[in-house]
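Architecture at a glance
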Amino acid sequence: MKLTLLAAFSLALVISALTTGCTGHHPNEMVHYEPGLGEIMSLTSMRHAKLWFAGQGQNWALAEYELEELQEGFEDIAKFHPTHKAIKQPIPQLIAKTMDYPLAELNKAIKAKNVALFTQHFDAVTAGCNACHQLSEFGFNIVTRPAFNPFANQDFTSVTK
Ligand code: HEC
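Residues numbered from 1 in each chain as written. Predicted model: local features only at pLDDT ≥ 70, side-chain atom pairs only at ≥ 80, totals over all residues. Heavy atoms only, no water.

Turning our eyes to something else, we now look at helix α4 (residues 91-98). Within the span of α4, buried status applies to I91, L94, I95 and T98. Down the axis of α4, the sector holding all buried residues measures 100°, keeping them to one side. Structurally, α4 contributes buried residues whose contacts are with α2 (37-56), α3 (60-80), α5 (100-111) and α6 (115-135). (Buried < 20%, exposed > 50% of the residue type's maximum accessible area, 1.4 Å probe, protein only. Helix = DSSP H or I, 4+ residues; strand = E, 2+ residues; numbered from the N terminus. Arc of directions from axis to C-beta. Contact = heavy atoms within 4.5 Å.)

The next thing to look at is the coordination of the iron atom of the ligand. All of the protein donors around the iron atom of the ligand are M41 (SD) and H133 (NE2); their distances to the metal are 2.0 to 2.4 Å. Geometry at the iron atom of the ligand is octahedral, judged from the six donor atoms that bind it and their angles of 84 to 179° at the metal. Placement of M41 in helix α2 and of H133 in helix α6 is noted, with a sequence separation of 92 residues between them. (Donors = N, O, S within 2.8 Å, 3.2 Å for Na, K, Ca; no water. Tetrahedral: all angles 85-135°; square planar, octahedral: opposite > 155°, others 65-115°.)

Turning our eyes to something else, we now look at the site of the ligand. M41, C129, C132, H133 and N141 are the nearest of the 21 residues found near the ligand. Measuring from an oxygen atom of the ligand, one finds a side-chain N or O atom of H84 at 3.5 Å. The separation between a nitrogen atom of the ligand and a polar side-chain atom of H133 is 2.8 Å. Comparing atom positions with the cavity grids shows the ligand to sit within the largest pocket. At the level of secondary structure, the elements contributing two or more residues to the shell around the ligand comprise α2, α4 and α6. Per-element accounting of the shell around the ligand gives the leading share, seven residues, to α2. Along the lines of polarity and charge, the residues of the shell around the ligand split into eleven nonpolar, ten polar and no charged. (Near = heavy atom within 4 Å. Polar contact = N/O pair within 3.5 Å; in protein donor to acceptor, adjacent residues only side chain to side chain. 1 Å grid on protein atoms, 1.4 Å probe; cavity = no way out; pocket = protein on both sides within 12 Å on 5 of 7 lines; lining within 4 Å. Sits in = over half its atoms within 2 Å of the grid points. Nonpolar A, V, L, I, M, F, W, Y, C, P; charged D, E, K, R; others polar.)

Set out below in structure tokens:
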């Protein structure tokens, strides 16, 4: 009986430490994490590559998903990083100028399930990435079509043709 009580008490202590103590914040206070621009860009780079392989594999549902993720990344950038120390123009404006049109066209190609159109507009998106890097003093950062598929643990071929 004593042991059970002790165990229950220890468990309660552990739980209260986990829910309150560890963060050093009041339990009701949300801990916000804002990803840096470079961090979101690393994800953007991964999505861009996955999008390519999804389109080439004609897995259109996956392509649509990756495109949405890319778009959400740009929305986060506009929200969390509307300005940047090294960049003259507001970032949401740069994204609108370089990304909105090619992403919309790529979306149409995905909806049409057309590989040739997909490839054409994917290249236009890539050109948009590079245009924004040029405009934001990051022109040395050059995006290309992925040369090979580094994602050995994912199937990009069609399941939805
Ligand atoms: C707002 C204009 C803009 C657009 C649009 C843009 N980038 Fe970037 N990108 C940046 C800036 C600015 C940085 C440098 C961020 C930093 O490290 O502070 C960057 C950095 C990067 C990096 C380097 C991240 C790293 O740590 O290796 C990659 C890769 C990248 N972008 C890929 C892309 C791809 C792919 C696209 C298009 C799908 C794209 N970017 C679109 C502005 C842009």
